[in-house]
Amino acid sequence: MERIPVYVEARDPISRAGMIAQLRSRTEVLVADDPARAAVALVVADVVDEATLQTLRRLQRGSCRPVLVAADFDEQGLAAAVEAGIAGLVRRQDASAERLARAACAAARGEGTVPPDLLGRLLDQVGRLQRQVLHPRGLSLTGLTHREIEILRLVAEGDDTAEIAAKLCYSQRTIKNALHDITTRLQLRNRSHAVAYALRQGLI
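The notes below deal with the structure included here.

What counts, and where the lines are drawn
- Residues numbered from 1 in each chain as written.
- Predicted model: local features only at pLDDT ≥ 70, side-chain atom pairs only at ≥ 80, totals over all residues.
- Heavy atoms only, no water.
- Buried < 20%, exposed > 50% of the residue type's maximum accessible area, 1.4 Å probe, protein only.
- Helix = DSSP H or I, 4+ residues; strand = E, 2+ residues; numbered from the N terminus.
- Expected span 1.5 Å × (residues − 1).
- Arc of directions from axis to C-beta.
- Contact = heavy atoms within 4.5 Å.
- Pairing = 2+ DSSP bridges.
- Right-handed = clockwise from strand over helix to strand, strands pointing away.
- Axes fitted to C-alpha atoms, helices over the stretch in contact; angles between N-to-C directions.
- Phe/Tyr/Trp six-rings, centres within 6.5 Å; stacked < 30°, edge-to-face > 60°.
- Lys NZ or Arg CZ within 6 Å of the ring centre and 35° of its normal.
- Polar contact = N/O pair within 3.5 Å; in protein donor to acceptor, adjacent residues only side chain to side chain.

Positive phi, close to 60°, is recorded for Cys 169, a residue that is not glycine. A relative accessible area of 67% places Cys 169 in the exposed class. The phi dihedral of Gln 187 falls on the positive side, at around 55°, and the residue is not glycine. Relative to the helices and strands, Gln 187 is located in the loop between helix H8 (172-185) and helix H9 (191-200). Taking relative accessible area as the criterion, Gln 187 reaches 71% and is therefore assigned exposed.

Have a look at this one:
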């Protein structure tokens, strides 16, 4: 079995040493001395503050996937940690060697690990975002409006701008502007790239 290289990041050396000692008892992980050589980083913190978020962002931009091990998560900190790119969450009081190794292995496979009660809170936040922010603006969680999704569906079917405009009862200029907005906003290269994005997201 290939061992997952895991880096431990903590502000205080005692916490770091404790996590490393726990991980060394597990055969499925290998403690790495450098985040550049790790697949996963365990970030140990008391609270989700700005320093913790900066660490998560820095590691997420690198080669390893960060898993946050924190003593306390409030609703705002939870959302901020997710936005910073975490691959999993472990409560510090639940951070046994087995649970840490399981979270690290899941992160290395591209899976997330979240305590059940925190998962419920995350789903509530996503639902609120959809209802209160996105839906009133005609947007979905994908960042596309219902009209934009319909335009991409017709592009995928091979319709040109004139045909799409006729089917949706818009001017050709409106269709062109919508496609331009989609590619610019989502940093896509062209119509084909936009259609591929919509297909990958399961929108069309």
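Under the 1.5 Å per step criterion, the end-to-end length of helix H2 (residues 50-61) is 16 Å for 12 residues, consistent within 8% with the ideal 16 Å. What H2 keeps buried is the set Thr 52, Leu 53, Thr 55, Leu 56 and Leu 59. Along H2, the residues classed as buried sweep out an arc of 160° about the axis, all on the same side. Looking at the packing, one finds that the buried side of H2 touches strand S1 (4-10), strand S3 (40-45), strand S4 (65-70) and helix H3 (75-83).

Turning our eyes to something else, we now look at the pairing of S3. Burial of S3 is extensive: six of the six residues sit out of reach of the surface. Along S3, one buried face is formed by Val 40, Leu 42 and Val 44 and the opposite face, lined by Ala 41, Val 43 and Ala 45, is buried too. Where S1 lies against S3, five bridges are found, and the strand directions are parallel. The residue bridging Val 8 from the neighbouring strand is Leu 42, located in S3. Relative to S4, S3 runs parallel, the two being bridged by six bridges. Paired with Ala 45 across the bridge in S4 is Ala 70. Handedness of the crossover joining S3 and S4 through H2: right-handed.

The next point concerns the sheet that holds S1. Spatial ordering of the open sheet is given by S2-S1-S3-S4-S5, a layout of five strands whose pairing is parallel. Bordering the open sheet on either side are strand S2 (29-32) and strand S5 (88-91), each of which pairs with just one other strand. Here the strands of the sheet are splayed against their neighbours by 30° on average, with no regard to which way each runs. Note: S1 against S2, four bridges, orientation parallel. Paired with Pro 5 across the two strands is Leu 30, which belongs to S2. Packing against the sheet, H2 makes contact with S1, S3 and S4, and its axis sits at approximately 175° to S3.

So, on to the packing of aromatic side chains. Inspection of every chain in the model, using the stated rule, returns zero aromatic pairs. One cation-aromatic arrangement involves Arg 147 over Tyr 170; the distance from NZ or CZ to the ring centre is 5.0 Å.

Residue position: Arg 65 is located in strand S4. On a C-alpha basis, the gap between Arg 65 and Leu 42 in space is 8.6 Å, while along the polypeptide they are 23 residues apart. Beyond its immediate sequence surroundings of up to four residues, Arg 65 is in contact with Ala 39, Val 40, Ala 41, Ala 87, Ala 107, Gly 110 and Glu 111. Here Ala 107 takes part through its backbone oxygen, which lies 2.7 Å from a polar atom of the side chain of Arg 65.

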